[in-house]
Every structure is written in C-alpha cells, then in structure tokens.
Amino acid sequence: QVQLVESGGGLVQPGGSLRLSCAASGFMFSYYTMNWYRQVPGKERELVAGISRSGSTNYIDSVTGRFTISRDNAKNTVFLQMNSLKLDDTAVYYCNARAYGQEYWGQGTQVTVSS
C-alpha cells in the first residue's frame, strides 16, 4: 500500500521557518522524483520544488533562495526547509512522487504564515 505522509506544517510568523517532511512507503522511493506542491483555495495546485532520483533540484522563482528540498533515500523521506516565510506562502503543501507513468500524493499539511 502506497503512502505519503506529510508533517511539519503549522502557524508561523512572517520571516520564520518551518521544515516539512514526507515519509514514503509502499514503493521504490529512491527511483522516484519527489516534489512539493502547494494550493490555496480558488487556485490551481502549483509545483514549489522538486528533486530527482539523482538529487537535481528545481524551484519556482518565488521560493528560490528561501526553500530547500532534500531527500534521504535511506529513510524514504523528502524534506522541504522553508526559511524567510512570507504571507503568500500560506497554503496546503502536498508531497508528490512521480516516475514510470505513476504518481502518488500525500494528504497535505497546512502552512499558515500570519502575524
């Protein structure tokens, strides 16, 4: 049974930091590209950051220099370190795994940036 379980979301003030984790099980984690998406009500889900099986990373412009995606293949976990958080980063953040025409999603974790 495939599972992606996110954790680490919460309420943080502008300028603060959070670290999201996504624990994967039920598939060959190291073979998959892992991504973090986010979604706010009324908008499409957007890709925030991705990390390939080789460790190459990509980010949307609005988070470059503030967010860092990483993976620990030994622990089947992908992380998103979020620094210098802004009000516009408020969203539900989803973990995504993609490879070989297959795609899996987590249930999401809420990140709220508010003063």
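Attention here is on the structure that accompanies the text. (Residues numbered from 1 in each chain as written. Predicted model: local features only at pLDDT ≥ 70, side-chain atom pairs only at ≥ 80, totals over all residues. Heavy atoms only, no water.)

**Side note on the packing of aromatic side chains**
Taken as a whole and judged by the stated rule, the model has 6 aromatic pairs. When the ring of tyrosine 94 is compared with that of tryptophan 105, the centres are 6.5 Å apart and the planes differ by 85 degrees; the resulting orientation is edge-to-face. Within this pair, whereas tyrosine 94 is found in strand β9 (residues 91-99), its partner tryptophan 105 is found in strand β10 (residues 102-105), the two being separated by 11 residues in sequence. Judged by relative accessible area, which is 14%, tyrosine 94 ranks as buried. Given a relative accessible area of 34%, tryptophan 105 falls into the partly exposed group. (Phe/Tyr/Trp six-rings, centres within 6.5 Å; stacked < 30°, edge-to-face > 60°. Helix = DSSP H or I, 4+ residues; strand = E, 2+ residues; numbered from the N terminus. Buried < 20%, exposed > 50% of the residue type's maximum accessible area, 1.4 Å probe, protein only.)

**Description of the pattern of salt bridges**
For the structure shown, the criterion picks out 4 salt bridges. The salt bridge partner of aspartate 89 is arginine 66, with a shortest N-O separation of 2.8 Å. Linking aspartate 89 in the loop between β8 (77-82) and β9 with arginine 66 in the loop between β6 (57-59) and β7 (67-72), this pair joins segments that are 23 residues apart in sequence. The burial state of aspartate 89 is the same as that of arginine 66; both residues are buried. The structure contains a network of salt bridges with shared partners spanning Arg38, Glu46, Arg66 and Asp89. (Salt bridge = Lys/Arg side-chain N within 4 Å of Asp/Glu carboxyl O.)

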